[in-house]
Amino acid sequence: MLKMSETGNRLRKLLESPNFDPQTYVKQLSQQSDGDRDLQEHRQKIQNLADETAQNLKKNVYKNYRQFIETAKEISYLESEMYQLSHILTEQKSIMESITQALLSTDKDETSKEMQAAFPKETEEVKQRALTSLLEKVEGAKNIMDIPGRHLVYNGDLFEFDVDNMSPIQKVHAFLMNDCLLIATWLPNRRGTVKYKYSDLYDLESFAVVNVKDNPPMKDMFKILMFPDSRIFQAENSKVKKEWLEILDETKKNKVSKDRHKKEEEAPTSPIRSEVSTNPFDLEDEDPADAEESAELGIEWIQELPEDLDVCIAQRDFEGAVDLLDKLNEYLKDQPSTQKVKELRSKVDERVRQLTEVLVFELSPDRSLRGGPKATRRAVSQLIRLGQSTKACELFLKNRAAAVQTAIRQLRIEGATLLYIHKLCNIFFTSLLETAKEFEMDFAGNTGCYSAFVVWSRSAMKMFVDAFSKQVFDSKESLSTAAECVKVAKEHCQQLTEIGLDLTFMLQSLLVKDIRAALQSQKDIIIEATKHRNSEEMWRRMNLMTPEALAKLMEEMHSCGISFQQYTGDGCWVNLSYTMVAFTKQMMSFLEEGLKLYFPELHMVLLESLREIILVAVQHVDYSLRCEQDPEKKSFILQNVTFLHDTVLPVVERRFEESVGKPAKQLQDLRKSTRQVRVNPDSTTSLV
C-alpha cells in the first residue's frame, strides 16, 4: 500500500509539473512498458488520480458553496455602491470645474463692462418686443410677459438627455430671460406660427449650472441642478455650449447685483412717518438706524448665503449647510422683522426645503440599506438640527424596518428548524439592539420620540413572530422542537434588557395563540395514545429483556425526578405495567416541554392539559380495579395506582410549582381523588 501511495504521489507531481508534455510522456510510457497489461495498469492509476481530483474538487465546491454565494452577493452590493460613489464623484468633479471656470471668467467681467459702455444696451421696449415675438411661437406661454421688466437675454436649441443612463430624451428650445429660464419642447405637428410647447419655467436663483466633462460620444453638455432633481442638455457644438455657460453665469450675477442695488436704493424712511412727525430729532435718530440695518443685511456673507447653500447641497455638505443656517438664525435673532429680512428668509426657506428633501431621500428605504443604523446618523442629525425631529424619527424607523425585513427575507431556510431559528433570532435581535442604541444616541434630547420607537418595536416584533411561527408552528414541528425554539427566542429577547428595553411581554402576547394551539394538539395526541394503550392493557409486569434497557429506563426516570428503584424486580423485570411506564414517560416529557413554553397567559391552559392527561390514566385504573376479579391482578393494579398517586403526581406538582412559582390546585384536587381509589380498591362505584 505504501509503495502504491508513493507511486501515486510521483505520478501526481509529474502531471502537475508546469513543464509537463503529454506527447513526450505517452511516448516514453509506451517505450518503457512491457505490454498491454502494464499500459492498462498505468491507465487505471491515471483514472484513479482523475477520480480523486474530481472528488476533491467537488468537496471544495460544496465546502465553499455558501461562501461563493455570499461573495457573489457582496460583489453585487459593492458594485451598486461603487456606481453610486462614481456618480457622486463625477458630480463633485463637474462642480469643481464649474467653480474653476467661474474664477477664470472673472477677468472677463471688466472687458464685458467696457463693451457695454462702448455699445449702449437696447432699450427696454425693444427687448420686450423681441421676447414677445419669440413667445408667440410657444404654446401656453402667454403669461410669461405679465412680469414687468422681463426681457430676453439669449435663446437656442438644445437636446435633453436622461441623467441616469445618458439616453436622448427630446429636442427642446431654451429661452433665457433676465430673471428666469424657460424650457419649451418642439411640437411634432406645428399649427401656424406655433413651433414649441411650454414645458418648465425656472427662477434663476432656483438652479445651478454645472459643466459636464466631454466623454465621447457624450460631449458639449452641461447640467442644470434643481435640487433634488437635475437635467442634462447638449449644445450644437463647443462654441454654443461655452456661450450658454458664460451667458447663464453672467445673467445670474446681474440679477443678484440688481436685486442688491434695488434694496440699497430703497427709501430708508416711510413717507407717512416723515409727514406726521414734527420732531426734528426723529430724522436724525431713524435715518442712521435704517441705514445701519441696510448695511447689516448688505454684509457679503449674507448676500451670498443662498448661493452658498446651493453649493453645500450640491456637494452633499449637509453639515456646512446647516451651520450656515444656524449662523444666519443667530444673526437675525435680534434683528427687527423688516421687509428685507422677510425677503431674505423667503429665499433661505426655499433652500431649507430643498435641503430637507435631499436628507429625506438619504433616509428613504430605496437607498442602500447596508452599513447598519450608523449609516443614517448623518442625515438624521441634520434633520434634527433643522427642527424636523419628528420626520427624522419616522424616516429612521422606516429605514430600519426595511433593513430588518430585507435581512429576514434573505435568510436561507435550513433543513433543521432549530438552526434556522438560531440564525433568525441572532439577526433580528442584534439588529433591534443596534437600532435601539443608535436611536438613543440620535434622539437623546427628544424624549417625545421614544413612544414612536416602542410602537415600531412592536411592529418589528410582529414581523419576527410571523417568520418564527411560519417555520415552527405552521410546519407542524414536534412540541419539543417548538419548546427549544421558543426558549432560544426568550433568551435573545432578554439581551435587550441591557439597554432598558424589555419586549418579553410583547413576544409572549404574540406567541401565546400558537403555543396554546400546540399544547392542546399535543395533549390530544397523548390522550389518544394513552387510550389506545389502555384498550390493549393486560396488566402484566414489564420485562425489558436486557440489563442495559433496564439501566436506560432507570436513568430516564431519574432525570425526570422519579424514584424508580423500588419498582424494579429480579433480573430485567419491572413491577409496573407497560402502559403505566409509557404514560409516565410521555407525561413527564409533556410537562418539561410545557414549562419551557410557559407564559403567565398559558397558566390555566397548561394546568388543564395536565389534568386531562392524568385523568385518563386515573379513570383507567379506577375502571380496572372495579372490573378485575383476579386477586393477583387486582393487587398488581393497586401497585400501579400507588406508583401513580405516591410517586408520579407529587413529582408533577412539585416540578410545576418550582418552575411557575404558583401552586397547582387542580392537580392537588385530582391527587386527592386518586387517593380514594387506592384506599377503596374493592368499591364498585366510580370515584373519579
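Note that the structure is predicted; figures quoted are calculated from it, not measured.

Reading guide: rules and limits
Residues numbered from 1 in each chain as written. Predicted model: local features only at pLDDT ≥ 70, side-chain atom pairs only at ≥ 80, totals over all residues. Heavy atoms only, no water. Patch = residues over 30% accessible without salt bridge, like charges linked within 9 Å, V, L, I, M, F, W, Y side chains within 5 Å. Areas by Shrake-Rupley, 256 points an atom, 1.4 Å probe, with all protein chains shown as cover. Salt bridge = Lys/Arg side-chain N within 4 Å of Asp/Glu carboxyl O. Helix = DSSP H or I, 4+ residues; strand = E, 2+ residues; numbered from the N terminus. Buried < 20%, exposed > 50% of the residue type's maximum accessible area, 1.4 Å probe, protein only. Polar contact = N/O pair within 3.5 Å; in protein donor to acceptor, adjacent residues only side chain to side chain. Contact = heavy atoms within 4.5 Å. Pairing = 2+ DSSP bridges.

Undergrad: Explanation requested: a nonpolar patch on the surface in the structure shown.
TA: On the surface, a nonpolar cluster with roughly 450 Å² of combined accessible area is contributed by Leu57, Val61, Tyr62 and Phe68. Here the nonpolar patch takes three residues from helix H3 (residues 36-63), the largest share from any one element. Looking at the element boundaries, Tyr62 is found in helix H3. What makes Tyr62 exposed here is its relative accessible area of 61%.

Undergrad: What is the right way to read the side chain of Ser624 from this model?
TA: Here Ser624 lies in helix H22 (residues 603-627). What makes Ser624 buried here is its relative accessible area of 8%. Polar side-chain contacts of Ser624 include one of 3.2 Å to the side chain of Trp539. Setting aside residues no more than four positions away along its own chain, Ser624 makes contact with Trp539 and Ile637.

Undergrad: Got a minute to help me understand the environment of Val210 in this structure?
TA: Turning to its location among the elements, Val210 is positioned in strand S6 (residues 208-212). Exposure remark for Val210: the relative accessible area of 6% places this residue in the buried category. Separated by 22 residues in the primary sequence, Val210 and Ile232 place their C-alpha atoms 9.4 Å from one another. Setting aside residues no more than four positions away along its own chain, Val210 makes contact with Ser94, Ile95, Ser98, Phe222, Lys223 and Leu225.

Undergrad: Where do I start with the pairing of strand S8 (residues 229-234) in this structure?
TA: Regular strands show a simple pattern: their side chains alternate between the two faces of the sheet. In terms of burial, S8 is largely enclosed, as five of its six residues are buried. As defined by bridge partners, strand S2 (residues 152-161) adjoins S8 across three bridges and the pair is classed as antiparallel. By the bridge assignment, Phe159 is partnered in S8 with Gln234. Direction of pairing for strand S7 (residues 221-226) relative to S8: antiparallel, over a ladder of six bridges. In the sheet register, Met226 faces S8, and the bridge partner there is Asp229.

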